[in-house]
Amino acid sequence: MSLSPLDPKTALIVVDLQQGVAVLPTAHPVTAVVAQAARLAGAFRARGWPVVLVNVAGTAPGRSEQPRRAASQDPNWSALLPELGAQAGDHLVTKRSWGAFTGTDLEDYLRRWGVTQVLLCGIATSIGVESTARQAHELGFNVALAVDAMTDLSGEAHANSVQRIFPRLGETATTREVLEQLRAAPGRPKFS
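Residues numbered from 1 in each chain as written. Predicted model: local features only at pLDDT ≥ 70, side-chain atom pairs only at ≥ 80, totals over all residues. Heavy atoms only, no water.

Caption draft 1: Here's a closer look at the pattern of salt bridges. Taken as a whole, this structure holds five salt bridges when the rule is applied. One salt bridge connects Asp16 with Lys95, and the closest N-O pair in it is separated by 3.0 Å. Taken as a pair, Asp16 in the loop between strand 1 (10–15) and helix 1 (19–22) and Lys95 in strand 3 (residues 91–95) lie far apart in primary sequence, 79 residues in all. Its relative accessible area of 6% is what places Asp16 among the buried residues. As a salt-bridge pair, Glu180 and Arg176 come within 2.9 Å of each other at their nearest N and O atoms. Taken together, the residues Glu180 and Arg176, both in helix 6 (residues 175–184) and four residues apart, mark about one turn of the helix. (Salt bridge = Lys/Arg side-chain N within 4 Å of Asp/Glu carboxyl O. Helix = DSSP H or I, 4+ residues; strand = E, 2+ residues; numbered from the N terminus. Buried < 20%, exposed > 50% of the residue type's maximum accessible area, 1.4 Å probe, protein only.)

Caption draft 2: Summary view of the sheet that holds strand 6 (residues 171–173). Ordered by their spatial adjacency, six strands build an open sheet running 3-2-1-4-5-6, and the pairing between neighbours is parallel. Only two strands of the sheet have a single partner each, and these edge strands are strand 3 and strand 6. In this sheet, neighbouring strand axes are inclined to one another by 25° on average, regardless of whether the strands run parallel or antiparallel. Looking at chain direction, strand 1 and strand 2 (residues 51–56) are connected through four bridges and run parallel. Considered in strand 2, the bridge of Val15 is made with Val54. Packed on one face of the sheet, helix 4 (residues 125–138) meets strand 1, strand 3, strand 4 (117–123) and strand 5 (142–151) and runs near 165° to strand 4. (Pairing = 2+ DSSP bridges. Axes fitted to C-alpha atoms, helices over the stretch in contact; angles between N-to-C directions. Contact = heavy atoms within 4.5 Å.)

Caption draft 3: Layout of unusual backbone geometry. The omega torsion across Ile123 and Ala124 is -5°, close enough to zero to call that bond cis. Looking at where Ala124 falls in the secondary structure, it is placed in the loop between strand 4 and helix 4.

Caption draft 4: Up close: the nonpolar core. In terms of nonpolar packing, the biggest core is built from 32 residues, with Leu12, Leu17, Leu40 and Val178 touching the most fellow members. With near-sequence residues (within four places) excluded, Leu17 lies in contact with Val33, Val34, Ala37, Val54, Leu80, Leu81, Leu84, Gly122 and Ile123. Counting 26 residues, the second-largest nonpolar core is a separate cluster that includes Ala100, Val147, Met150 and Val162. (Core = buried A, V, L, I, M, F, W, Y, C linked by side-chain atoms within 4.5 Å.)

Caption draft 5: Seen up close, helix 3 (residues 106–113). Where helix 3 is concerned, the buried positions are Leu106, Tyr109 and Leu110. Relative to the axis of helix 3, the buried residues are bounded by an arc of 95° and lie together on one face. Where helix 3 is buried, its residues meet strand 1, strand 2, strand 3 and strand 4. Gly114 lies just past helix 3 and shows a positive phi near 75°. (Arc of directions from axis to C-beta.)

Caption draft 6: Spatial organisation of the side chain of Gln36. Checked against the element boundaries, Gln36 lands in helix 2 (residues 30–47). In contact with Gln36, other than residues within four places in its own chain, are Asp148, Ala149 and Thr175.

Caption draft 7: Focus on the pairing of strand 4. With seven of its seven residues buried, strand 4 lies for the most part within the structure. Bridge count between strand 1 and strand 4: six bridges; the pairing is parallel. Paired with Ala11 across the strands is Val118, a residue of strand 4. Bridge count for strand 4 against strand 5 is six bridges, and the pairing is parallel. When the bridges of strand 5 are listed, Ile123 appears paired with Thr151.

Caption draft 8: Representation of the packing of aromatic side chains within the structure. Inspection of every chain in the model, using the stated rule, returns three aromatic pairs. Look at Phe44 and Trp49: their rings are 5.5 Å apart centre to centre, the planes differ by 75°, and that puts the pair in the edge-to-face class. On the basis of relative accessible area, Phe44 is assigned to the buried category, the value being 0%. For Trp49, a relative accessible area of 3% translates into the label buried. (Phe/Tyr/Trp six-rings, centres within 6.5 Å; stacked < 30°, edge-to-face > 60°.)

Caption draft 9: Seen up close, the environment of Gly140. Note on placement: Gly140 falls in the loop between helix 4 and strand 5. Once the C-alpha coordinates of Gly140 and Gln117 are considered, the two residues, 23 residues apart in sequence, prove to be 8.8 Å apart.

In short, shape yes, function no, at least from these values alone.
So, in structure tokens, the structure goes:
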């Protein structure tokens with residue numbers, strides 16, 4: 001893991017930390033992942049940096065060999081977890097595919113802010129997080145990934161993304177390393 005100094009205009013993207021996803025069996029405890037994501041969100045908000053909270057409320061059309069998990073009829077299925085402490089200034093993105101850029105206003109929002117880097121976390125590492133990281137990379141954003149603030153439904157899939165895919169898309173770090181960088185650079189300008 002190696003994280004360069006964060007760009008002065010970095011946004012945090014929190015992927016699918018929502019009621020219906022948090023109850024799925026995961027490789028790492030969801031409570032720990034959510035706690036790390038909440039720490040990152042708090043630090044970004046304190047600096048005046050953008051926080052994007054993504055939820056999923058559907059699926060892309062098309063056939064697949066593996067059966068898709070049906071979203072529950074529970075009206076709270078796509079509700080963001082309260083531990084994230086969503087604020088009025090956060091940008092909310094509802095997606096209907098794996099990646100948070102497809103069919104949403106996410107790219108436009110980030111470009112309006114002048115964002116050059118995104119830091120990602122959430123569930124599932126190999127699906128929503130990786131797809132969003134791939135899209136961000138393809139769109140020219142610098143990508144950073146807080147690997148202890150994410151998990152997957154499969155430990156093998158999580159490890160594959162963290163060890164093989166993410167180093168090709170950007171830089172990986174722990175939440176502690178990201179927070180240390182934020183504390184060490186108090187003079188960075190806030191977004192206006």
